[in-house]
Amino acid sequence: MVARKDPKALYELAPGTPGLAGVVMLHQMEGFMDAGGAGRLASEHLLDQFDHRLVASFDVDRLIDYRSRRPTMTFDKDHYDHYEDPALDLHLLTDGAGKRFLLLDGLEPDREWELFALAVRSLVEHFDISITVGMHGIPMGIPHTRPLGITAHATNPGLVDTTDQPVLDRLQVPSSAASLMEYRLGEWGHDAAGFAVHVPHYLASSLYPQAAIRLLRAVSEATGLVLPDVELRDAARRASEDIERQVQESSEVEDVVRALERQYDAFNVTDRKNLLSDNDGRMPTADELAAEFERFLADQDGPPPGS
């Protein structure tokens, strides 16, 4: 008989954590799809801009496959000088209006996903979290010169606004610890949601602050959190200038962008729900979308943990 594992053994609570009844918990975990570094940039921005404290740490020694995502070390002449500790931590932050919220940030677990979901459930019930909200980016065939769309999803209708997003039928896509966590929380009767911002596919492997801004706006609208983004807007302006310079220097890139603009504008006028379709107006099949996601994941070498 297999011994039942204790999900609470996966994390350690920090001492002196205050009562947090009704707080929102945001989450982003590096390792799955995050086009434009959207979720990563949004999370880093929140931790940079708001006062925060550690409330719980996960045991990454149990959850991470070090050989597939090797942490970096610094070698200085004749000795090792620094080690980038991998981490998956839960932080308590205070937003621009003085409202407290939680942020789960760090590396996506490589193993024990079901036990990890149970551990998150334990934290949700311990802190009486009202809703968990995920953030990441997905690549789409759209131009950077048009507004970024959002794909929203939730365990219950009404938690998020889905009226303006493209209509998708059933499809199979690669899973993640975050998507399993959302699914299981819904089964256990807890509210959970997520936002995937649409990032131009030709920018998917670059850091794209505009995508993080769009994510934070969606999170604010869904949760009521006040999340200023001034610093991200400065970074977005610089990124836009760099992108425009590269477009102007390459006629091939400019042709691609202009073609995407024509496609976007045509469907925005005729049928806003078909922005995922190709130049012939054909909606991609579920298998094609899943294959595109698989290709994106396969191309993501990404920076090592802690970079």
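Going by the structure above, here's the rest.
Here the structure is a predicted model, which is why all the values come from computation and not from measurement.

Caption draft 1: Representation of the nonpolar core. Leu26, Leu46, Phe101, Phe195, Val197 and Leu227 are the most contacted members of the largest nonpolar core, which has 46 residues in total. No other element matches helix α5 (residues 209–223), which puts seven residues into this core. Of all hydrophobic cores here, the second largest spans 30 residues; its members include Met25, Leu63, Leu185 and Ala192.

Caption draft 2: Up close: a nonpolar patch on the surface. On the surface, Met73, Phe75, Tyr80 and Tyr83 cluster together into a nonpolar patch covering about 460 Å² of accessible area. Secondary structure elements with two or more residues in the nonpolar patch: β4 (73–76) and β5 (79–83). By relative accessible area, which is 58% here, Tyr80 ends up exposed.

Caption draft 3: A look at the packing of aromatic side chains. In total, this model carries four aromatic pairs according to the counting rule given. Here Phe50 and Phe101 contribute two aromatic rings whose centre-to-centre distance is 6.3 Å and whose plane-to-plane angle is 85 degrees, an arrangement assigned as edge-to-face. Of this pair, Phe50 sits in the loop between α1 (38–49) and β3 (52–58) while Phe101 sits in strand β7 (residues 100–107), and the two are 51 residues apart along the sequence. Note on accessibility: Phe50 and Phe101 belong to one class, buried. Plain terms: the ring middles of Phe58 and Phe116 are 5.2 Å apart, the flat faces sit at 55 degrees to each other, and that makes the pair tilted. Highlighted residues: Phe58 in strand β3 and Phe116 in helix α3 (residues 113–127), separated in sequence by 58 residues. Under the relative-accessibility criterion, Phe58 is labelled buried at 6%. Relative accessible area serves as the criterion here: at 0%, Phe116 is assigned to the buried category.

Caption draft 4: Fine view of the side chain of His136. With respect to the secondary-structure elements, His136 resides in strand β8 (residues 131–140). Dropping the residues within four chain positions of it, His136 is found in contact with Phe32, Met33, Asp34, Ala38, Gly39, Phe195, Ala196, Val197 and Leu215.

Caption draft 5: View of the pairing of β5. Inspection of the sheet shows β4 paired to β5 by four bridges, in the antiparallel sense. Looking across to β5, one finds that Asp76 is bridged to His79. Joining the antiparallel neighbours β4 and β5 is a turn of two residues, in which Lys77 adopts a positive phi near 60 degrees.

Caption draft 6: Region of the structure containing unusual backbone geometry. In this structure, Lys77 is a non-glycine residue whose phi angle is positive, near 60 degrees. Along the polypeptide, Lys77 turns up in the loop between β4 and β5. For Lys77, a relative accessible area of 75% translates into the label exposed. Despite not being glycine, Asp128 shows a phi value in the positive range, around 55 degrees. One can find Asp128 in the loop between α3 and β8. The exposure class assigned to Asp128 is partly exposed, which follows from its relative accessible area of 45%.

Caption draft 7: Structural view of the sheet that holds strand β6 (residues 88–94). Reading across the sheet, the eight strands line up as β1-β3-β6-β7-β2-β8-β10-β9 and stay open at both edges, with mixed pairing between neighbours. Single-partner strands in this sheet number two, and they are β1 (11–13) and β9 (150–154). Ignoring which end each strand starts from, the neighbouring axes of this sheet average 25 degrees apart. Taken together, the five bridges between β9 and strand β10 (residues 192–200) define a ladder with antiparallel strand orientation. Its bridge partner lying in β10, Ala152 is registered against Phe195. On top of the sheet, α1 reaches β2 (24–30), β3, β6, β7, β8 and β10; it is set at about 130 degrees to β7, its chief contact.

Caption draft 8: Spotlight on α5. Compared with the 21 Å implied by 1.5 Å per residue over 15 residues, the 21 Å span of α5 between its first and last C-alpha is a close match. Among the 15 residues of α5, twelve are classified as buried, and the element is accordingly described as predominantly covered. Listed as buried for α5 are Pro209, Gln210, Ala211, Ala212, Ile213, Arg214, Leu215, Leu216, Ala218, Val219, Ser220 and Thr223. Contacts from the buried residues of α5 go to β2, α1, β8, β9, β10 and α6 (230–249). A positive backbone phi angle near 85 degrees is found at Gly224, which sits one or two residues after α5.

Caption draft 9: Region of the structure containing the environment of Asp265. Tracing the chain through its elements places Asp265 in helix α7 (residues 251–270). Placed 119 residues apart in sequence, Asp265 and Arg146 show a C-alpha to C-alpha distance of 8.8 Å.

Caption draft 10: Highlighting α1. With twelve residues, α1 should cover 16 Å at 1.5 Å per step; its first-to-last C-alpha distance of 16 Å lies within 8% of that length. Burial runs high along α1: nine of the twelve residues are buried. Residues of α1 that are buried: Ala38, Gly39, Arg40, Leu41, Ala42, Ser43, His45, Leu46 and Leu47.

Each value, and the rule that gives it
Residues numbered from 1 in each chain as written. Predicted model: local features only at pLDDT ≥ 70, side-chain atom pairs only at ≥ 80, totals over all residues. Heavy atoms only, no water. Core = buried A, V, L, I, M, F, W, Y, C linked by side-chain atoms within 4.5 Å. Buried < 20%, exposed > 50% of the residue type's maximum accessible area, 1.4 Å probe, protein only. Helix = DSSP H or I, 4+ residues; strand = E, 2+ residues; numbered from the N terminus. Patch = residues over 30% accessible without salt bridge, like charges linked within 9 Å, V, L, I, M, F, W, Y side chains within 5 Å. Areas by Shrake-Rupley, 256 points an atom, 1.4 Å probe, with all protein chains shown as cover. Salt bridge = Lys/Arg side-chain N within 4 Å of Asp/Glu carboxyl O. Phe/Tyr/Trp six-rings, centres within 6.5 Å; stacked < 30°, edge-to-face > 60°. Contact = heavy atoms within 4.5 Å. Pairing = 2+ DSSP bridges. Axes fitted to C-alpha atoms, helices over the stretch in contact; angles between N-to-C directions. Expected span 1.5 Å × (residues − 1).

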